[in-house]
Amino acid sequence: MTSRPVTGYAAMAAGQPQVPFSYPPPELGAHDVRIAVTHCGLCYSDVQAIENFYGVTDFPFVPGHEIVGMVSETGGDPSGLRVGDRVGVGWQGRSCGQCEWCLQGEEQLCREVATNGAWVPYGGFASSVVADSRFVYPLPESMPAQTACVLLCAGISVYTPLKRYLAPDVRRIGIAGMGGLGHLAVQFAHAMGAHVTVLSSSEAKREEALSFGADHFACTNDKASLRALSQSLDLLLCTAHGELPWERLLDVLKVRGKLVLAGFPNVSFNPTDLVVHELTLQGSFVGNRATMQEMLAFARRHQITPLTETMPLSRVNEAIERVRQNKARYWIVLENAKG
């Protein structure tokens with residue numbers, strides 16, 4: 001096992017800035033690999049975890065779960081991976097392998113979800129990270145690291161519900177939010193042949209939404225535009241966070257339509273439409289390993305590409321503030337000079 005300390009950036013307490021942090025390299029389990037990190041995406045859920053939004057963060061906390069790098073060391077059974085392989089890791093870095101969901105191949109629903117993130121024990125804002133090789137994905141050289149980082153988390157988060165719920169009688173869909181998740185959801189839904197309506201609070205994003213493949217755009221601050229969509233959509237995929245005009249959004253769904261949450265917005269609404277129109281409220285959490293592999297292949301085939309900007313890992317606090325203030329367009333990927 002390597003003895004060189006891992007160097008990275010950690011929050012020492014909830015909501016605190018990232019500071020330089022070093023620690024002994026975690027030991028490898030039988031299925032584990034150590035990955036020298038070259039790039040790591042900055043996801044809004046990293047910011048939420050720093051703030052202990054989920055109530056499970058242990059400090060010091062090294063964020064980062066959209067990881068691209070090279071295998072530098074393997075355990076005894078590394079699932080076919082070898083030192084030198086170019087690989088990626090998304091949110092899920094392991095699972096218990098024994099609960100009912102793992103046994104069904106739905107490891108993202110593992111009972112040990114709180115400790116399955118790639119940031120346990122420490123994440124990708126560091127020189128290296130350890131993950132179960134069964135959740136580590138070989139990457140083709142033709143896929144840029146910035147693209148892979150975002151697909152490994154945001155990509156799977158929107159691909160999974162679209163694949164699951166689009167059907168011959170579910171073709172008219174809405175994407176609520178035109179940010180990091182939303183701009184990928186539009187591309188995937190368009191490639192799947194859906195009729196896509198983007199609902200965003202920013203009128204300035206209209207042309208960009210249409211350029212990504214949206215058929216229609218409505219500003220959620222324009223009540224008349226939303227009324228024109230009343231009971232017209234089969235499915236509404238919410239990719240936004242924060243406060244949303246829920247009653248107006250629910251009204252765009254047909255009777256027995258479905259609202260799917262792919263993120264963690266603040267949810268509070270009068271349940272009248274939900275009950276009277278027999279709507280369904282559904283969560284969707286990343287995806288299983290088979291779906292991840294399928295998504296990566298689909299994205300390559302259809303040239304689905306996130307908009308990213310790259311910053312050095314040393315500017316992590318600046319990057320976090322930009323994400324907090326909703327100024328990232330649309331995803332920041334941190335580059336690790338030590339990877």
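Everything discussed here concerns the structure shown above.
Residues numbered from 1 in each chain as written. Predicted model: local features only at pLDDT ≥ 70, side-chain atom pairs only at ≥ 80, totals over all residues. Heavy atoms only, no water.

Chemist: Just checking my understanding: could you explain the overall build of the chain for this structure?
Modeler: Of regular secondary structure, the chain possesses 10 helices and 15 strands. For 339 residues, the compact-globule estimate of 2.2 N^0.38 gives 20 Å, and the C-alpha radius of gyration of the chain, at 20 Å, lies within 12% of that figure. Here the C-alpha coordinates of the chain stretch approximately 65 × 40 × 35 Å along the principal axes. Counting the 339 residues in the chain, one finds 53% classified as buried. (Helix = DSSP H or I, 4+ residues; strand = E, 2+ residues; numbered from the N terminus. Rg over C-alpha atoms; globule rule 2.2 N^0.38 Å. Buried < 20%, exposed > 50% of the residue type's maximum accessible area, 1.4 Å probe, protein only.)

Chemist: Hey, could you run me through the environment of Glu 73 in this one?
Modeler: Inspection of the secondary structure puts Glu 73 in strand S4 (residues 67-74). With 111 residues separating them along the chain, Glu 73 and Leu 184 place their C-alpha atoms 33 Å apart.

Chemist: So what exactly am I meant to see when it comes to the packing of helix H3 (residues 145-165) against helix H4 (residues 180-191) here?
Modeler: Geometry of a packed helix pair, given as the angle between the helix axes and the separation of the axes. Close contact between H3 and H4 brings their axes to 9 Å; oriented N to C, the two are set at 55°. One finds that H3 runs oblique with respect to H4. Where H3 crosses over H4, the two elements pack in a sense that is right-handed. The residues of H4 that touch H3, namely those facing Val 150, Leu 151, Ala 154, Gly 155, Ser 157, Val 158, Tyr 159 and Leu 162, are Leu 181, Leu 184, Ala 185, Phe 188 and Ala 189. (Axes fitted to C-alpha atoms, helices over the stretch in contact; angles between N-to-C directions. Parallel < 35°, antiparallel > 145°, perpendicular 65-115°, else oblique. Left-handed = near helix turned anticlockwise from the far one by under 90°. Contact = heavy atoms within 4.5 Å.)

Chemist: Honestly, the sheet that holds strand S13 (residues 280-283) in this entry has me stumped. Any pointers?
Modeler: Strand pairs in the sheet, formed through backbone hydrogen bonds, run parallel or antiparallel to each other. The six strands are arranged S10-S9-S8-S11-S12-S13 in an open sheet whose pairing can be described as parallel. With partners counted over all chains shown, the strands left at the sheet margins are strand S10 (216-219) and S13, one partner each. Here the average twist between neighbouring strands, direction ignored, is 20°. Note that strand S8 (residues 172-176) and strand S11 (residues 233-238) share four bridges and pair parallel. If you follow Gly 174 over to S11, its bridge partner there is Leu 236. Strands in contact with H3 are S8, S11, strand S12 (253-261) and S13; relative to S11, the strand with the most contacts, it is inclined by about 165°. (Pairing = 2+ DSSP bridges.)

Chemist: Explanation requested: the pattern of salt bridges in the structure shown.
Modeler: Here the idea is simple: oppositely charged side chains can pair when their charged atoms come close. Using the criterion set out here, one finds 12 salt bridges in the structure. A salt bridge links Glu 51 to Arg 324, with the shortest nitrogen-to-oxygen separation between them at 3.0 Å. Remark: Arg 324 occurs in helix H10 (residues 316-324) and Glu 51 occurs in the loop between helix H1 (44-50) and S4; sequence separation between them is 273 residues. A salt bridge links Glu 321 to Arg 324, with the shortest nitrogen-to-oxygen separation between them at 2.6 Å. Taken together, the positions of Glu 321 and Arg 324, both in helix H10 and three residues apart, correspond to about one turn of that helix. Glu 321 sits in the partly exposed class, given a relative accessible area of 34%. (Salt bridge = Lys/Arg side-chain N within 4 Å of Asp/Glu carboxyl O.)

Chemist: I'm lost on the packing of aromatic side chains in this one. Help?
Modeler: Taken as a whole, this structure holds 13 aromatic pairs when the rule is applied. With centroids separated by 5.2 Å and ring planes inclined at 75°, the aromatic side chains of Phe 61 and Trp 119 adopt a geometry described as edge-to-face. Pair noted here: Phe 61 is in the loop between H1 and S4 and Trp 119 is in the loop between helix H2 (100-103) and strand S6 (128-132), with a separation of 58 residues, a long-range link. Per residue, the accessibility class of Phe 61 equals that of Trp 119, and both read buried. Put simply, the rings of Phe 21, Tyr 23 and Tyr 122 pair up and form one aromatic cluster. (Phe/Tyr/Trp six-rings, centres within 6.5 Å; stacked < 30°, edge-to-face > 60°.)

Chemist: Help me understand the environment of Pro 5, please; the structure alone is not making it clear to me.
Modeler: Assignment of secondary structure puts Pro 5 in the segment before strand S1 (6-11). Placed 122 residues apart in sequence, Pro 5 and Ser 127 show a C-alpha to C-alpha distance of 9.1 Å. Not counting chain neighbours up to four residues away, the residues in contact with Pro 5 comprise Tyr 23 and Pro 25.

Chemist: Just to check I follow, could you spell out H3 for this structure?
Modeler: An α-helical turn contains 3.6 residues, so any two residues separated by three or four positions project in the same direction. Here H3 contains 21 residues, and its C-alpha end-to-end distance of 29 Å stays within 8% of the 30 Å for a straight helix at 1.5 Å per residue. At Leu 151, H3 shows its strongest bend, of approximately 50°. Burial of H3 is extensive: 18 of the 21 residues sit out of reach of the surface. (Expected span 1.5 Å × (residues − 1). Bend = angle between axes of the 7 residues up to and from the residue.)

Chemist: Any chance you could explain the environment of Arg 134 here in plain terms?
Modeler: Mapped onto the fold, Arg 134 is located in the loop between S6 and strand S7 (136-138). Sequence separation between Arg 134 and Ser 79 is 55 residues, and the spatial gap between their C-alpha atoms is 6.3 Å. Every residue in contact with Arg 134, bar those within four places of it in the chain, is listed here: His 31, Ser 79 and Arg 289. One polar contact links Arg 134 to Asp 132, side chain to side chain, over a distance of 2.8 Å. (Polar contact = N/O pair within 3.5 Å; in protein donor to acceptor, adjacent residues only side chain to side chain.)

Chemist: Honestly, the state of the cysteines in this entry has me stumped. Any pointers?
Modeler: A covalent bond bridging the sulfur atoms of two cysteines is what the word disulfide describes. This structure, assessed with the given rule, holds zero disulfides. Cys 110 carries a free sulfur, and the closest cysteine sulfur to it, the one in Cys 96, is 3.5 Å from it. For Cys 110, a relative accessible area of 2% translates into the label buried. Free of any disulfide, Cys 219 has its nearest neighbouring cysteine sulfur in Cys 238, separated by 15 Å. (Disulfide = S-S within 2.5 Å.)

Chemist: For this particular structure, what's the right way to read H10?
Modeler: Looking at H10, one finds that the buried residues are Val 316, Ala 319, Ile 320 and Val 323. When H10 is viewed along its axis, its buried side chains cluster within an angular range of 100° and face the same direction. Structurally, H10 contributes buried residues whose contacts are with S1, strand S2 (18-23), strand S3 (32-42), H1, strand S14 (308-312) and strand S15 (331-335). Asn 326 occupies a position one or two residues after H10 and carries a positive phi of about 60°. (Arc of directions from axis to C-beta.)

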